[in-house]
Amino acid sequence: MQRYRTWIELNERALTNNIKSLNALLDSNARFCAVVKGNAYGHGLKEITQMVSRSGVDAFAVDDIDDALTLRESFPSTLIIVLGYTLFDRFKDALRAKIHLTLYDKEGIEQAQSVGKASARPFPIHLKIETGTCRQGILIEDLEDIIRLLQRSEAVKVMGVSTHFANVEDTSDPEYAGSQFALFQESISQLKRYGIDPAWKHCACSAAIILYPQTHQTLVRAGISLYGIWPSELVENTVRNQGFSCDLQPVLTWKTRIAQIKSVRMGTPIGYGLTQVMKRNGRVAIMPVGYWDGYDRSLSSIGEVLIKGYRCKVLGRICMNMSIVDVSEVPQPEKEDEIILLGVDGRQKISSEDIARKIDTISYEILTRINPLLPRVVIA
Ligand SMILES: *Cc1c(COP(=O)(O)O)cnc(C)c1O
């Protein structure tokens, strides 16, 4: 790591712990699908899937076909589901690599039927049901038509049926998620009446996995919790109040190094736009990290980093590849000392939730915005 200016460390023990914690909550019929979209929530697709497979999971879910094909090279027989939209032109690639596509309309199913027919091999799909998120999905009132379309040909094999919750993270209002789940069960019954009873029935994301075991069905889709982060503060508090244990440990630490240290007099303007001046005589350090790396420009003047266990404030604007922090309080900081942008240093901690709160977003975005080109180092 001595050769990296800015890098991501991935703690394999934390990841293994999280898988174990979540597995312990699972309904006995449910298998475990690791959601690795968004470059494995910014952690690194290759590194995370290798680690996850050593811990034994049953499936991967990605957003797009290219990630699915990349994973197929390393995992010849694992169930891989594409959650997002797939262009018609790519259906052939999906079938060839035995990738399961999420489909939810007549056009998609007809395309799968024609590609399946041409290859003389059934096209594996998961039907996504619209139950109240108003994203992709089959409206309940259209399900009958879709079923009729499916019955017309053997070229498509329905391997799964799924839906996605809109606000299951908001534990103060579980009613809406409950109504979505009821609709999902209704549509499963409707499919069954027509002889469509796929092996994979799935709707539970992290919050549902943790709080609502009745939603686990035959497969759960774990995203944020896999990486050791709570889906929301409400979920974390609910778990604490209900008194059961679910130990989640953050997997990712983001580090950089001091590029320069200098003494700066009170009143000196700092950075582009002269947006801030030094409030007293002190010392600043230059960090070789900026918004290109995924360190959000909104953290200008309000971000914090850890150096030798001390919290240091970002001063002035975050630049493309550099930023400036106040190291006046740090005893004897030196060039190339480690800086923690996100992670733990002694008793101090900067979590993705802390950063998200500062700039009014969610931990998911902080993590997935980390530039995929930064080196990832697995810590065993
Ligand atoms: C992202 C996503 C998940 C995972 O959600 P988490 O809250 O991160 O666990 C599950 N299902 C679908 C369809 C998703 O898009």
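As a convention, each chain's residues are numbered from 1 in the sequence order in which they are written. Reporting in this predicted model follows two pLDDT cut-offs: at least 70 for local features of residues, and 80 or more for side-chain atom pairs to be given and counted; totals over whole chains, interfaces and linings ignore these cut-offs and use all residues. Side-chain metrics in this entry use all non-hydrogen atoms of the structure; hydrogen atoms and water are not considered.

Looking at an unreviewed UniProt entry, one finds the protein chain named Alanine racemase, with Candidatus Uhrbacteria bacterium GW2011_GWF2_39_13 as its source organism. UniProt positions are given in the numbering used here, feature names are shortened, and annotations may be inferred rather than shown by experiment. In its Sequence similarities (unreviewed entry) section, the UniProt entry covering the protein chain states "Belongs to the alanine racemase family." Turning to the protein chain, the UniProt annotation filed under Cofactor (unreviewed entry) states: "pyridoxal 5'-phosphate".

What counts as an axis is a line fitted to C-alpha atoms, over the stretch in contact for a helix, and the angles between N-to-C directions run from 0 to 180 degrees. Helix and strand assignments follow DSSP, with helices taken as H or I runs no shorter than four residues and strands as E runs no shorter than two, numbered in order from the N terminus. Between helix 6 (residues 106-119) and helix 7 (residues 143-151), the shortest axis-to-axis distance is 11 Å and the interhelical angle comes to 10°. With respect to their mutual orientation, helix 6 and helix 7 come out roughly parallel. Side by side, helix 6 and helix 7 meet where Lys-106, Ile-109, Glu-110 and Gln-113 of the first sit next to Ile-146, Leu-149 and Leu-150 of the second. Ten residues, namely Ala, Val, Leu, Ile, Met, Phe, Trp, Tyr, Cys and Pro, are considered nonpolar, four, namely Asp, Glu, Lys and Arg, are considered charged, and the remaining ones, Gly among them, are considered polar. Counted by class, the contact of helix 6 with helix 7 contains four nonpolar, one polar and two charged residues. Angular relationships are summarised with four words: roughly parallel below 35 degrees, roughly antiparallel beyond 145, roughly perpendicular across 65 to 115, and oblique for the angles in between. In what follows, residue pairs with any heavy atoms lying within 4.5 Å of each other are defined as contacts.

This part covers helix 7. Among all positions of helix 7, only Leu-143, Ile-146, Ile-147, Leu-149 and Leu-150 are buried. The buried residues of helix 7 occupy an angular sector of 160° when projected down its axis, which confines them to one face. Contacts made by the buried residues of helix 7 are with helix 6, strand 6 (123-128), strand 7 (156-162) and helix 8 (174-193). Burial classification: accessible surface area is computed with a 1.4 Å probe over protein chains only, and a residue below 20% of its type maximum counts as buried, one above 50% as exposed, and the rest as partly exposed. Here the arc refers to the set of directions running from the helix axis out to each C-beta atom.

Assignment of secondary structure puts Gln-136 in the loop between strand 6 and helix 7. Here a polar contact is recorded for every N or O atom pair within 3.5 Å, except that within protein the pair must consist of a potential hydrogen donor and a potential acceptor, and residues adjacent in sequence are included only if both atoms are side-chain atoms. Here the side chain of Gln-136 touches Leu-83 through a polar contact of 2.5 Å, landing on its backbone oxygen.

Here we come to the domain arrangement of the protein chain. Where each domain starts and ends follows an automatic or database-derived domain assignment. Along its sequence, the protein chain is organised into domain 1 (12-242) and domain 2 (252-379). For domain 1 and domain 2, the distance between their C-alpha centres works out to 37 Å. Of the residues lining the interface, 16 residues belong to domain 1; the matching set on domain 2 comes to 13 residues. By buried area we mean how much accessible surface two parts lose on assembly, using a 1.4 Å probe and totalling the loss over both. The contact between domain 1 and domain 2 buries some 1,200 Å² in all, and 57% of this surface belongs to carbon and sulfur atoms. Of all residues in domain 1, Tyr-41, His-43 and Ile-229 bury the most surface against domain 2, accounting for 36% of the area lost on that side. By salt bridge we mean one thing: a side-chain nitrogen of Lys or Arg within 4 Å of a carboxyl oxygen of Asp or Glu. Across the contact surface, domain 1 and domain 2 share zero salt bridges. Across the contact surface, domain 1 and domain 2 share three residue pairs in polar contact (both at pLDDT 80 or more).

Among the secondary structure elements, Asn-18 is positioned in helix 1 (residues 12-25). Take Asn-18: its relative accessible area is 0%, and that puts it in the buried class. A distance of 3.0 Å separates a polar atom in the side chain of Asn-18 from the backbone oxygen of Leu-226. Polar contacts involving the side chain of Asn-18 include one to the main-chain amide nitrogen of Gln-249, which spans 2.8 Å.

Working definition of a nonpolar core: buried Ala, Val, Leu, Ile, Met, Phe, Trp, Tyr and Cys residues. They are joined through side-chain atoms within 4.5 Å. Counting residues in each nonpolar core, the largest one holds 117 residues, and the members touching the most others are Val-36, Phe-123, Ile-125, Trp-254 and Tyr-295. The contact partners of Ile-125, leaving out residues within four places of it in the chain, are Leu-101, Leu-103, Ile-109, Ala-112, Leu-150, Val-156, Lys-157, Val-158, Met-159 and Gly-160. With seven residues, the next largest nonpolar core counts Ile-270, Met-278, Ile-286 and Ile-324 among its residues.

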